[in-house]
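Below, each chain spelled out in residue letters.
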Amino acid sequence: MMWYKNRISVPVLLVSLNTLVVLPGFSQSFEKMAHRGGSALMPENTIIAMQNAMDFGVGLEMDLYLSKDKKVFVYHDDKISPKFGSNPDGTPVTQEQAAKKKIIDFTYAELKPYDLGMRAHPDFPRRKRVKAGIPLLTELIDSVESYARRGDLKLPNYSMEIKVPNASLAPRYKVDLVDSVIQIISAKSIPDRVIIQSFDIETLEYLHQQYPDVKTAYLVGQGHYLDNLKKLSFTPTAYSPPYQLVTPELIAYCHTKNMLVVTWTVNNKKDIERLKQMGVDVVMSDYPDYFLP
């Protein structure tokens, strides 16, 4: 059974803060995901990164925005990154240039000539320097599905984050982005392999109300899980905190509520194994090769 399917409620017993006992009848799943396609090895959120991650047999996590001309594209930051982005003429994007225009204020035709892969990334010395642009979601899905079939690889699971640049953003943007993403994954016949995640409560509520069959993950960056989950009017498919917040108690609670525990961004092999043994359902890492035996 795929990780994104609703988990059957299982009986768990929390013996102590350090010991999670799984009672008979529960078979734990464990899913591995390449965060942004594996930012440590390839330019993040690009087609070449996603294809590279699939060679390690892992799922694909990505971030989605809506362009000024209403096209869904794959990117993380709220502006063209001065850390690793290059202008259409090949020069590095400067802080001043990046500050002039938000990513959602570009048309896709304006975004397409930028490069994300030719400059070295200061945080990831192993990352390959290759030419790689900002892809449309439709283009990325077509490319990785075709790559999987050509290479006789497992078709990928997708974790797609709806990006909301700021809290004051007009609700219409959120609705248009969600509707567009659902339309795309439906047209590509992959909804059963997709979970949609967001930090934004309004986005998750809209997804639940309009598309109740779509799997959802509630992303959080801080706070206690009981307080955070009270902010939603429904129980999402998954609760997704950073790995530093994950405890046996949190896992036990989520599993009794029929929720998966999805955690990020785990860039240490020992932490990956520790979290797996603790009972986490999904781990995201910038290093997909760390999932190898």
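Keep in mind the model is a prediction, meaning the values are calculated, not measured. (Residues numbered from 1 in each chain as written. Predicted model: local features only at pLDDT ≥ 70, side-chain atom pairs only at ≥ 80, totals over all residues. Heavy atoms only, no water.)

Enquirer: When you look at the pairing of strand S7 (residues 194-198) in this model, what are you seeing that I'm missing?
Expert: When a strand is regular, its side chains alternate between the sheet's two faces. Summarising burial for S7: five of the five residues are buried, a large majority. Residues of S7 alternate between two faces, with Val 194, Ile 196 and Ser 198 on one and Ile 195 and Gln 197 on the opposite face, all of them buried. In this view, the connection linking strand S6 (residues 158-162) to its parallel neighbour S7 by way of helix H5 (residues 171-187) has right-handed handedness. Bridge analysis of S7 against strand S8 (residues 215-219) gives four bridges, and the strand direction is parallel. Paired with Ser 198 across the two strands is Tyr 218, which belongs to S8. Handedness of the β-α-β unit built from S7, helix H6 (residues 201-210) and S8 comes out right-handed. (Buried < 20%, exposed > 50% of the residue type's maximum accessible area, 1.4 Å probe, protein only. Helix = DSSP H or I, 4+ residues; strand = E, 2+ residues; numbered from the N terminus. Right-handed = clockwise from strand over helix to strand, strands pointing away. Pairing = 2+ DSSP bridges.)

Enquirer: For this particular structure, what's the right way to read the side chain of Thr 263?
Expert: Among the structural elements, Thr 263 can be located in strand S10 (residues 260-263). Within the local environment of Thr 263, its side chain forms a polar contact with the backbone oxygen of Pro 241, the two atoms lying 2.9 Å apart. With residues up to four places along the chain from it excluded, the contact list for Thr 263 reads Pro 241, Pro 242, Tyr 243, Val 246, Leu 275, Val 280, Val 282, Val 283 and Met 284. (Polar contact = N/O pair within 3.5 Å; in protein donor to acceptor, adjacent residues only side chain to side chain. Contact = heavy atoms within 4.5 Å.)

Enquirer: Would you take a moment to explain the packing of aromatic side chains for this structure?
Expert: Given two aromatic rings, one states the distance between the centres and the angle between the planes to describe the pair. Across all of its chains, the model carries eight aromatic pairs by this definition. The interplanar angle of 70° and the centroid separation of 6.1 Å between the aromatic rings of Tyr 218 and Tyr 239 together place this pair among those described as edge-to-face. In this pair, Tyr 218 is assigned in strand S8 and Tyr 239 in strand S9 (residues 238-240), connecting sequence segments 21 residues apart. When sorted by exposure, Tyr 218 lands in the same class as Tyr 239, which is buried. Between Tyr 225 and Tyr 253, the ring centres sit 5.3 Å apart and the planes meet at 40°, which makes this aromatic pair tilted. Of this pair, Tyr 225 sits in helix H7 (residues 225-229) while Tyr 253 sits in helix H8 (residues 248-256), and the two are 28 residues apart along the sequence. An aromatic cluster is built from Phe 124, Tyr 287 and Tyr 290, whose rings are joined through pairwise contacts. Sitting over the face of the ring of Phe 106, Lys 101 holds its NZ or CZ atom 4.5 Å from the ring centroid. (Phe/Tyr/Trp six-rings, centres within 6.5 Å; stacked < 30°, edge-to-face > 60°. Lys NZ or Arg CZ within 6 Å of the ring centre and 35° of its normal.)

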